[in-house]
Amino acid sequence: MSDQQSILSGFRGRFGRDADALWSGPGRVNLIGEHTDYNDGFVFPFAINRRAVVALALRDDRMLRVASSFTEEIVEISLDDLSPETVSGWSAYPLGVAWALGQKGADLAAVAGFDAYIDSDVPIGAGLSSSAAIECATAVALDEVWNLGFDKQVLVRVGQLAENKVVGAPTGILDQSASLLGQTDAAVFLDCRSFESEVIPLGFDAAGLELLVIDTKVSHAHATGGYADRRASCETGARLMGVASLRDLTVADLPRAESVLDEETHRRVRHILTENQRVLDTVRVLREDGPGALGALLDASHASMRDDFEISVAELDLAVETARTAGALGARMTGGGFGGSAIALTPHALIPAVQQAVADAFTAAGFTAPDMFVVRAAAGAGRLS
Ligand code: ADP
Ligand code: MG
């Protein structure tokens, strides 16, 4: 996160006046539970100490103007023209949230326009949800300045609606839940069917553990790539198994799935059912044995995504294997897949060794040098000043 003064002066530079206040929303890393969210299953993400900040001031008219530190462009639209068809590109995230608040009951005919300036240190497309960081920062900002009083569960749905209908990415509620509900040194155990959530202490600090993110720099495209394809496979699997969603099945149903489904769909379904179980096991292991005992679950999750769900790539596999060999307790790719980041749960003292080993392995393989950094579980979206 850039310092607050530079964000306030960024706002001033674009709009020629002062911002009313700053709000921020964190990116997230998903510790375990991948592609389970849209199957009504379990996920276990945490908000990270990398954030999008929105500086915002209300206007006297109905115009919405959004700007970002990453572009010179200022996007303008009237509240009266706001719809999924009229916004596109990066502005679909903040403007999509404004539209989605209207869909969830805000009276957009009665609110004032705004100027907003976004700055973020969540890397784009690294699997850390730079998009949810912007959505959630914008959602808490507009909830406050428009006096909506929406609770966080509603703001989660607002972010998801913006992403689904305005951006056009068929994503679940994982990212926005982590970004809105996260707490320091804790993760959000989320049931994507009931939307119930529980904040579970991680205890990484006390155990001397760090979560190393290895951004492979391989880019992914949720809206057009294999994400939608995997989602369709899960729907097919559920339909052929005679259930509303894969959440209605457990690992005990795997033998029947194998006899009913074609080989590929069976493997897709097996990933979801075993991954749901691994999330439950992760929460139990954290409570009973602490974070030092999570390695095998992270490793098994990666193997399942690589072999059954087939959403890994060579760079992610190399990052995971190398981190493990160099001393990480466990490692897995995280996020939607087809690129993005791996995470490695690593004793503090071994972080430099793991980073060096991964850098060397990528050089030897002829891959682009990865970006590596430690993330800490941080507080969810809210007002900064
Ligand atoms: P991620 O996994 O990082 O969420 P997405 O493709 O979902 O990847 O979202 C990335 C998009 O979010 C970018 O292409 C851009 O449109 C928008 N975005 C991210 N960071 C910023 C920023 N600082 N300013 C403006 N738009 C941003
Ligand atoms: Mg995203």
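Predicted model only: the values in this text are computed from it and were never measured.

Parameters at a glance
- Residues numbered from 1 in each chain as written.
- Chains lettered and ligands numbered in written order.
- Predicted model: local features only at pLDDT ≥ 70, side-chain atom pairs only at ≥ 80, totals over all residues.
- Heavy atoms only, no water.
- Domains from an automatic or database assignment.
- Contact = heavy atoms within 4.5 Å.
- Buried area = accessible area lost by both parts, 1.4 Å probe.
- Polar contact = N/O pair within 3.5 Å; in protein donor to acceptor, adjacent residues only side chain to side chain.
- Helix = DSSP H or I, 4+ residues; strand = E, 2+ residues; numbered from the N terminus.
- Salt bridge = Lys/Arg side-chain N within 4 Å of Asp/Glu carboxyl O.
- Buried < 20%, exposed > 50% of the residue type's maximum accessible area, 1.4 Å probe, protein only.
- Near = heavy atom within 4 Å.
- Areas by Shrake-Rupley, 256 points an atom, 1.4 Å probe, with all protein chains shown as cover.
- Nonpolar A, V, L, I, M, F, W, Y, C, P; charged D, E, K, R; others polar.
- Axes fitted to C-alpha atoms, helices over the stretch in contact; angles between N-to-C directions.
- Parallel < 35°, antiparallel > 145°, perpendicular 65-115°, else oblique.
- Disulfide = S-S within 2.5 Å.
- Expected span 1.5 Å × (residues − 1).
- Arc of directions from axis to C-beta.
- Core = buried A, V, L, I, M, F, W, Y, C linked by side-chain atoms within 4.5 Å.
- Pairing = 2+ DSSP bridges.

Peer 1: Whenever I open this one, the domain arrangement of the protein chain confuses me. Can you help?
Peer 2: Note: interface size is frequently given as the accessible area lost on complex formation between the parts. The domains assigned to the protein chain are domain 1 (4-200 + 379-383) and domain 2 (203-374). Each of domain 1 and domain 2 has a C-alpha centre, and these two points are 26 Å apart. Each side of the interface is counted separately: domain 1 has 36 residues, and domain 2 has 47 residues. Regarding the contact of domain 1 and domain 2, the summed buried area is about 3300 Å², with carbon and sulfur atoms giving 62% of it. Looking only at domain 1, the three residues that lose the most surface to domain 2 are Ile32, Glu34 and His35, adding up to 20% of its buried area. Here domain 1 and domain 2 share 19 residue pairs in polar contact (both at pLDDT 80 or more) between them. Contributions of two or more residues to the side of domain 1 that touches domain 2 are made by β1 (21-32), β2 (42-58), β6 (186-191) and β7 (197-201). The element that contributes the greatest number of residues to the side of domain 1 that touches domain 2 is β2, accounting for 6 residues.

Peer 1: Would you mind showing me how to read the pattern of salt bridges here?
Peer 2: Between side chains of opposite charge, a pair can form when the charged atoms approach closely. One pass over the full model with this rule turns up 27 salt bridges. A salt bridge links Arg268 to Glu264; the shortest N-O distance between them is 3.6 Å. Of the two residues, Arg268 and Glu264 both sit in helix α9 (residues 263-288), 4 residues apart, roughly one turn of that helix. Given the relative accessible area of 3%, Arg268 is considered buried. For the salt bridge of Arg278 with Glu275, the shortest nitrogen-to-oxygen distance reads 2.8 Å. Of this pair, Arg278 and Glu275 both sit in helix α9, separated by 3 residues, roughly a single helical turn. Each member of the pair Arg278 and Glu275 is classed as buried. Several salt bridges converge on common partners, so that one network encompasses Arg17, Arg59, Asp61, Arg65 and Asp115.

Peer 1: Mind showing me how you'd approach the site of ligand 1 here?
Peer 2: Surrounding ligand 1, one finds 15 residues, the nearest of these being Ser68, Phe70, Gly125, Ser130 and Ser131. In the model, an oxygen atom of ligand 1 is placed 3.5 Å from a nitrogen or oxygen of the Tyr93 side chain. Measuring from an oxygen atom of ligand 1, one finds a side-chain N or O atom of Ser130 at 2.7 Å. For ligand 1, whose accessible area on its own is 570 Å², the fraction buried by protein is 85%. At 3 residues, the largest contribution of residues to the shell around ligand 1 is made by helix α3 (residues 130-145). Its residues placed into classes, the shell around ligand 1 shows 6 nonpolar, 8 polar and 1 charged.

Peer 1: What am I meant to see in the packing of helix α7 (residues 226-240) against α9 here?
Peer 2: Two quantities define a packed helix pair, namely the angle between the axes and the distance from one axis to the other. Where α7 contacts α9, the two axes come as close as 9 Å, and the packing angle between them is 95°. Compared by their axis directions, α7 and α9 come out roughly perpendicular. Residues Arg230, Ser233, Cys234 and Gly237 of α7 lie in contact with α9, whose contacting residues are Thr265, Arg268, Val269 and Ile272. Of the residues that constitute the contact of α7 with α9, the class distribution is 3 nonpolar, 3 polar and 2 charged.

Peer 1: Where do I start with the state of the cysteines in this structure?
Peer 2: The term disulfide refers to a covalent linkage connecting the sulfur atoms of a pair of cysteines. Following the criterion strictly, the structure yields 0 disulfides and no others. Among the cysteines around Cys136, which has no disulfide bond, Cys192 carries the closest sulfur, lying 14 Å off. We note that Cys192 lacks a disulfide partner, and the nearest cysteine sulfur, in Cys234, lies 13 Å from it. With relative accessibility at 4%, the residue Cys192 sits in the buried group.

Peer 1: What should I look at first to understand the environment of Thr325 in this one?
Peer 2: Checked against the element boundaries, Thr325 lands in helix α11 (residues 314-325). Judged by relative accessible area, Thr325 falls into the exposed class, the value being 72%. It is 29 Å that separates the C-alpha atoms of Thr325 and Phe189, two residues lying 136 residues apart in sequence. At a separation of 2.8 Å, a polar atom in the side chain of Thr325 contacts the main-chain carbonyl oxygen of Glu321.

Peer 1: Even after reading the chapter, I still don't get α7, so can you show me in this structure?
Peer 2: Since the α-helix advances by 3.6 residues per turn, residues separated by three or four positions end up pointing in the same direction. Taking 1.5 Å per residue as the helical rise, α7 with its 15 residues ought to reach 21 Å, and the 21 Å between its terminal C-alpha atoms agrees with that figure. Of the positions making up α7, those classed as buried are Tyr227, Arg230, Ser233, Cys234, Gly237 and Ala238. Buried positions in α7, seen along its axis, are confined to an arc of 135° and lie on one side of it. Of the exposed residues in α7, the ones pointing more than 90 degrees away from its buried face are Glu235 and Arg239. Buried positions along α7 lie against α9. Of the residues one or two after α7, Gly242 is the one with positive phi, at around 75°.

Peer 1: How should the nonpolar core be read in this particular structure?
Peer 2: Looking at soluble globular proteins, one finds that nonpolar side chains tend to be buried together. One finds Leu31, Phe44, Phe46, Leu82, Leu101 and Trp146 to be the most contacted residues of the largest nonpolar core, which totals 83 residues. Ranked by residues supplied to this core, first place goes to α3 with 9 residues. When residues of this core are assigned to domains, at least three map to each of domain 1 (4-200 + 379-383) and domain 2 (203-374). Not counting residues within four places of it along the chain, the set of residues in contact with Leu82 comprises Leu64, Ile77, Val87, Leu95, Ala98, Trp99 and Leu108. In terms of nonpolar packing, the next biggest core, distinct from the first, is built from 37 residues, Leu246, Leu249, Leu261 and Leu318 among them.

Peer 1: Would you explain the pairing of strand β5 (residues 114-120) in this entry?
Peer 2: Across a regular strand the side chains alternate sides, sitting on one face of the sheet and then on the other. Counting buried positions along β5 gives 6 out of 7 residues, so the element sits mostly inside the fold. As judged from the 7 bridges shared by β2 and β5, these two strands associate in the antiparallel manner. Paired with Val53 across the bridge in β5 is Asp119. Strand direction decides the pairing type here: strand β3 (residues 63-68) and β5, joined by 5 bridges, are parallel.

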